[in-house]
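Here are the chains, one letter per residue:
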Amino acid sequence: MNETRHTTDLPEPPALAGITAAEWPMTINAEKEPLDSYRIVLLTRQPDLYAEFEIDVFPSGRPRNYLDFSALDTTQGDWTTAEILDLADSCDRLQQWLDSCAAALQWAQEHADQLRP
C-alpha cells in the first residue's frame, strides 16, 4: 500500500536538468513490517536512453539507489545494434541526466533524516 505524505513536511527537491517535478513522488511504500517500508524519493526514466534511476530512503535513514540501463529495454536485455547506436548518439543528454541523478543522490543523502518514512 502506498501513501503520500504532505510535501510541506519534506525538504524541497532541487530543480535538475532532465528530471521533472513528477519524478520526485515522495511516496511511502508501506510494507507489513514497518522496518521494510521505504520512501520513494526519485524515480526517473529515460526511455530513449534505455535508463532508469531510483532513490529510496529507509527507516534507518539510509538512502539506496538503483541505476539500470536495461529496465526499459523491450528486448529483455538483448540490445540491438540500433539501440546501441541510438544510445551512443545521445551521450551528451546521457551525461546531463547522469549528472542530475548524481546531484539528486547527493541531495537525498544530505536530507536523509528528513526523508525517512
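Above this note sits the structure.
Just so it is clear, the model here is predicted, and its values are computed rather than measured.

Q: Can you explain the packing of aromatic side chains? Please cite residues and give values.
A: Considering all chains together, one arrives at two aromatic pairs under this definition. An angle of 80° between the planes, with centres 5.3 Å apart, marks the rings of Trp24 and Trp107 as edge-to-face. Of this pair, Trp24 sits in the loop between strand E1 (2-4) and strand E2 (27-29) while Trp107 sits in helix H2 (residues 91-110), and the two are 83 residues apart along the sequence. Across the pair, exposure class does not vary: Trp24 and Trp107 are buried alike. Here Tyr38 and Phe58 contribute two aromatic rings whose centre-to-centre distance is 5.2 Å and whose plane-to-plane angle is 35°, an arrangement assigned as tilted. With Tyr38 in strand E3 (residues 38-46) and Phe58 in the loop between strand E4 (51-57) and strand E5 (63-68), this residue pair connects regions lying 20 residues apart in the sequence. Overall, Phe58 belongs to the buried group, its relative accessible area being 16%.

Q: Describe the nonpolar core, with residues and values.
A: Counting residues in hydrophobic clusters, the biggest one holds 21 residues, and the most contacted among them are Trp24, Val41, Ile55, Trp97 and Leu115. Elements that contribute at least two residues to this core include exactly E3, E4 and H2. Per element, the largest residue contribution to this core is seven residues, and it comes from H2. Apart from residues lying up to four places away in sequence, Val41 is in contact with Glu23, Trp24, Pro25, Met26, Ile55, Asp56, Val57, Trp107 and Leu115.

Q: Give me unusual backbone geometry: which residues, what numbers.
A: The phi dihedral of Met26 is positive, around 55°, even though this residue is not glycine. Of note, Met26 is situated in the loop between E1 and E2. One non-glycine residue, Tyr50, lies in positive phi territory at about 60°.

Q: Talk me through the pairing of E3; I want residue IDs and the actual numbers.
A: Of all nine residues that make up E3, seven are buried, and the element is covered over most of its length. In this structure, E2 lies alongside E3, joined through three bridges in antiparallel fashion. Within E3, the residue paired with Asn29 across the bridge is Tyr38. When E3 meets E4, the two strands line up antiparallel, connected through seven bridges. Its bridge partner being in E4, Ile40 is matched across the sheet by Asp56. Hairpin connection, E3 to E4: the antiparallel pair is bridged by four residues, and Tyr50 has positive phi, about 60°.

Basis of the calculations
- Residues numbered from 1 in each chain as written.
- Predicted model: local features only at pLDDT ≥ 70, side-chain atom pairs only at ≥ 80, totals over all residues.
- Heavy atoms only, no water.
- Phe/Tyr/Trp six-rings, centres within 6.5 Å; stacked < 30°, edge-to-face > 60°.
- Helix = DSSP H or I, 4+ residues; strand = E, 2+ residues; numbered from the N terminus.
- Buried < 20%, exposed > 50% of the residue type's maximum accessible area, 1.4 Å probe, protein only.
- Core = buried A, V, L, I, M, F, W, Y, C linked by side-chain atoms within 4.5 Å.
- Contact = heavy atoms within 4.5 Å.
- Pairing = 2+ DSSP bridges.

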